[in-house]
Amino acid sequence: MAELQNSAIFAPRVIEEIQAKAESGLYAIRGFGTLRERRWPTFDDLTFLPCSLTRIPLEGYREKCSTKTVLGTRFAQKPIQLDIPVMITGMSWGALSYNAKVALARGAAAAGSSNTTGDGGMLKAERDNSRTLIYEVLPSRYGINIHHMRMADAIELTIGQGAKPGTGGLLLGTKVSDRIAEQRDLPIGVDQRSAARHPDFLGPDDMIIKVEELREATDWQIPIFIKLGASRVYDDVKLAAKAGADVIVVDGMEGGTGASPAIFQEHTGLPTLAAVCEARSALQDIGLYGDVQLIIAGGIRDGVDAAKAMALGADACYIGTASLIALNCNKPMYEDDYRAIGAAPYACHHCHTGRCPVGITTQDPELMKRLEVEDGAERVRNFLQVMTLEIQMLARSCGKSDVHHLEPEDMAALSLEASAICGVPLVGTRKVFGH
Amino acid sequence: MVEIDAAGRTTREVNRAIRQRIAESCKEVVLRNPGARHNLAVAILEDAHIRIAGSAGYYCGGLIDGPSIEVEGSAGWGLAESMLSGTVRVHGSAGSGAAAAVRGGTVVIHGDAAARLGVSMKGGIVIVAGNCGYMAGFMAQKGTLIVCGNAGEAFADSMYATVCYVGGEIANLGTDAVIAPIDAGEAQQLEKILSTHLPATLRSTKPAAADFKKVVAGRKLWNFDKREWRTWQEAL
Ligand SMILES: Cc1cc2nc3c(=O)[nH]c(=O)nc-3n(C[C@H](O)[C@H](O)[C@H](O)COP(=O)(O)O)c2cc1C
Ligand code: SF4
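Attention in this report is confined to the structure presented alongside it.

How each quantity is defined
Residues numbered from 1 in each chain as written. Chains lettered and ligands numbered in written order. Predicted model: local features only at pLDDT ≥ 70, side-chain atom pairs only at ≥ 80, totals over all residues. Heavy atoms only, no water. Helix = DSSP H or I, 4+ residues; strand = E, 2+ residues; numbered from the N terminus. Rg over C-alpha atoms; globule rule 2.2 N^0.38 Å. Buried < 20%, exposed > 50% of the residue type's maximum accessible area, 1.4 Å probe, protein only. Contact = heavy atoms within 4.5 Å. Buried area = accessible area lost by both parts, 1.4 Å probe. Salt bridge = Lys/Arg side-chain N within 4 Å of Asp/Glu carboxyl O. Polar contact = N/O pair within 3.5 Å; in protein donor to acceptor, adjacent residues only side chain to side chain. Pairing = 2+ DSSP bridges. Axes fitted to C-alpha atoms, helices over the stretch in contact; angles between N-to-C directions. Near = heavy atom within 4 Å. Areas by Shrake-Rupley, 256 points an atom, 1.4 Å probe, with all protein chains shown as cover. Nonpolar A, V, L, I, M, F, W, Y, C, P; charged D, E, K, R; others polar. Parallel < 35°, antiparallel > 145°, perpendicular 65-115°, else oblique. Left-handed = near helix turned anticlockwise from the far one by under 90°. 1 Å grid on protein atoms, 1.4 Å probe; cavity = no way out; pocket = protein on both sides within 12 Å on 5 of 7 lines; lining within 4 Å. Points joined across faces, edges and corners; volume = space filled by probe spheres on them. Core = buried A, V, L, I, M, F, W, Y, C linked by side-chain atoms within 4.5 Å.

Considering the overall build of chain B
Within chain B, the regular secondary structure consists of four helices and eleven strands. By the compact-globule yardstick of 18 Å for 236 residues, chain B fits well, its C-alpha radius of gyration being 18 Å. For chain B, the C-alpha atoms occupy an extent of roughly 60 × 35 × 25 Å along the three principal directions. Classification of the 236 residues of chain B by burial places 60% in the buried group.

A few points about the interface of chain B and chain A
Contact residues are listed per partner, giving 40 residues for chain B and 42 residues for chain A. For the chain B and chain A pair, buried surface summed over both sides reaches about 3700 Å², with 53% attributable to carbon and sulfur atoms. Here chain B is connected to chain A by five salt bridges. The interface formed by chain B and chain A includes 20 residue pairs in polar contact (both at pLDDT 80 or more). Element by element, the count of residues in the side of chain B that touches chain A is highest for helix 1 (residues 11–23) of chain B, at five residues.

Digging into unusual backbone geometry
All names here are of chain B. A positive phi angle, close to 60°, is found at A99, a residue other than glycine. The residue A99 is located in the loop between strand 5 (85–90) and strand 6 (106–109) in this model. At A154, a residue that is not glycine, the phi angle is positive and equals roughly 50°. As for its placement among the helices and strands, A154 is situated in the loop between strand 8 (142–147) and strand 9 (163–166). The class of A154 is buried, set by a relative accessible area of 15%.

Focus on the sheet that holds strand 12 (residues 247–251) of chain A
All names here are of chain A. With respect to topology, eight strands assemble into an open sheet ordered 5-15-14-12-11-8-7-6, the strand pairing being parallel. In the strand order of this sheet, the two ends are held by strand 5 (86–88) and strand 6 (114–116), each with one partner. Between one strand and the next, the sheet's axes are offset by a mean angle of 25°, whatever the strand orientation. The pairing of strand 8 (residues 154–158) with strand 11 (residues 224–229) spans four bridges and is parallel. In the strand pairing of strand 11, I155 is matched with I224. The strands touched by helix 14 (residues 373–397) within the sheet are strand 5 and strand 15 (316–319), with strand 5 carrying the most contacts at an inclination of about 155°.

A closer look at the site of ligand 1
All names here are of chain A. Around ligand 1, the structure places 26 residues, and the nearest of them are G90, E136, D251, G299 and T321. Interatomic distance of 3.3 Å between a backbone N/O atom of S92 and an oxygen atom of ligand 1. Contact distances for ligand 1 include 2.6 Å between an oxygen atom and a side-chain N or O atom of T321. Look at ligand 1: alone it shows 600 Å² of surface, and the protein chains cover 97% of it. Taken together, the residues that form the shell around ligand 1 break down as seven nonpolar, 14 polar and five charged.

Here's the deal with the packing of helix 10 (residues 303–311) of chain A against helix 14 of chain A
All names here are of chain A. Interhelical geometry of helix 10 versus helix 14 gives an angle of 55° and a closest axis separation of 8 Å. With respect to helix 14, the element helix 10 is oriented oblique. As for the relative orientation of helix 10 and helix 14, their crossing is right-handed in sense. Together, G303, V304, A306, A307 and M310 of helix 10 and M387, E390, I391 and L394 of helix 14 make up the contact between the two elements.

As for the site of ligand 2
As a structural note, the neighbourhood of ligand 2 is formed by F32, C329, N330, Y338, C348, H349, H350, C351, C356, V358 and T361 of chain A. Looking at side-chain class alone, the shell around ligand 2 contains seven nonpolar, four polar and no charged residues.

A look at empty space enclosed by the protein
Residue and element names in this part refer to chain A. Following the criterion strictly, the structure yields three cavities of 30 Å³ or more and no others. Of the pockets and cavities examined, the largest cavity occupies roughly 110 Å³. In this structure, the largest cavity is lined by 13 residues; those nearest its centre are C329, C348, C351, C356 and T361. Volume-wise, the second largest cavity comes out at about 90 Å³.

A word on the nonpolar core
Within the largest apolar cluster, 99 residues are counted, with the highest numbers of intra-cluster contacts made by I248, V250 and I360 of chain A. Counting residues in each nonpolar core, the second largest holds 57 residues, with A75, A99, I170 and A217 of chain B among its members.

Focus on the pairing of strand 8 of chain B
All names here are of chain B. Of the pairings in the sheet, the one linking strand 7 (residues 122–128) to strand 8 comprises five bridges and is parallel in character. Bridge pairing links K122 to K142 in strand 8. The pairing of strand 8 with strand 9 spans four bridges and is parallel. Among the inter-strand pairings, T144 is bridged to a residue of strand 9, identified as V163.

Read these as spatial facts, not as claims about activity.
Next up, the structure:
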């Protein structure tokens, strides 16, 4: 007898999803980011071309290869100076537990890097434990406080996120605890849907005035970042540069999230690889490449992804999910608690439930205790340092004495699409396809 | 009292001059020739009175904590946005997003306010003696929003715990906004707020506190419920 066949269109997962919607009357909301197999070109479609006879490598473990990273040289009096080009991205206290926020701050500081507040304002302990703190100004303006802004080393004006461009944040009621509600000026336990638009400007022209306001508020001392969810990146980057950004953050569709509609994570935005290429072209075309620094985020897993992003034009990378994984996200421990929320180690994307088995994305004091701040900070520091070593190893092998000298020329494409997107030759040819 | 002339100076120079005067313990600063310039008197954190002798542009008094700012003309978008405490008074009218995201303090507008008055406000008191445009109180979280005249469309849409009062007509209520009764104690409190913050001549032309309509959130959007599907579908 012929084997029974599943429909490829109405595959078991699709059937499950339809029936879940029919049952709950609600679209799926979850954390983590896109779960799909990536059929689009990614950083994995590129390979480095280290030195052989045409180029001379630097001694892998000995010769200097600078990782110093300076951001905000365009207008700010005090640009940010980091020891490494990998930074911790903005994740809200609310989405993350107190311990997670403090561990990230301490780990980043120990590695000579920065961390960023998030959609809920600044936590004092976060400032106290960070070396360089970036203060996010989001459409919701939760917890907005001029005194905190003045304590920051940079401001990030967020227009969108890669996991959900064009829509606001979500924090389900289970996570709106009394402390979080107080910090955000909300009633306890509401399903908090943040605004998608800023309350006091609408488009790129009045954003110019907003940027000036933030500069006036901080006396033109600290850099202003503008963060974009990768959508029409080429045009958006030009507009952000026109608005006066010192630094532009582009967050690709692989970007992580604490909670968003699943359809946004899976079906909106540009992949990170394409986003960095469009962002670089935009800055080059308006003559600001190098003057306006570029930070790339979205699915960066290791020093290899970061090095490729940098070779394609990024000055630095933000990591979110990878830093949470360093804190033990998805680690096989407390397995019953993963099961209790319908997840399993390596297959958990249940940050939205507030029942994070490893104490990272929860407001439950008992669960939070599972994340020990000192240990967590140590792991974050180690991970940031290893990522940096990986970037340096690749840079040295390509003959660079500074990781920021990596360039597209140091790579070849493993697929036709990647060649066309990145403007580098396809392996086995000397052709850049589509150019 | 000191006077600062904004004519011929950049915004940065004007704001620096204001801050410097206040740092020199000057409690009263008058800004001449403001020219409807944007970002005047932003992020002032001291207790001082700043009088803007004319109109101001966007974000006047934005991000302040403590001062009292008076605009003798009108103000542009984002008046007093994100203020923590203090008072911002506009003798003319205010553009869109007046008192956006304020967390405390008092904003008083003698004329009209355009769209999105008090959007995302998180505390404080906002009073408009005239009318306001559409979507006032959108996603407002806490605090008190008072409109003595008429309110535009989609009033008080998707609110959390802000309480609104309207003296005139409401074009229509936003999603999840509901009219609630005002009891005598509340009317008294409202009257106290109005007579404290509005000049007597202006107060006398406005309705009695007991005749104001009170608008609050119906709380149907606070937590998702499949039985309220229509409300969610229509939520702005
Ligand atoms: C738990 C969590 C919470 C987040 N919260 C915020 C936030 O408050 N504001 C924001 O701009 N982005 C937020 N993001 C998005 C990150 O800043 C960043 O853009 C994204 O995580 C980068 O992708 P990656 O996680 O793949 O590194 C959050 C991400 C995660 C995983
Ligand atoms: S382990 Fe925690 S942080 Fe990681 S995906 Fe699950 S709930 Fe989110």
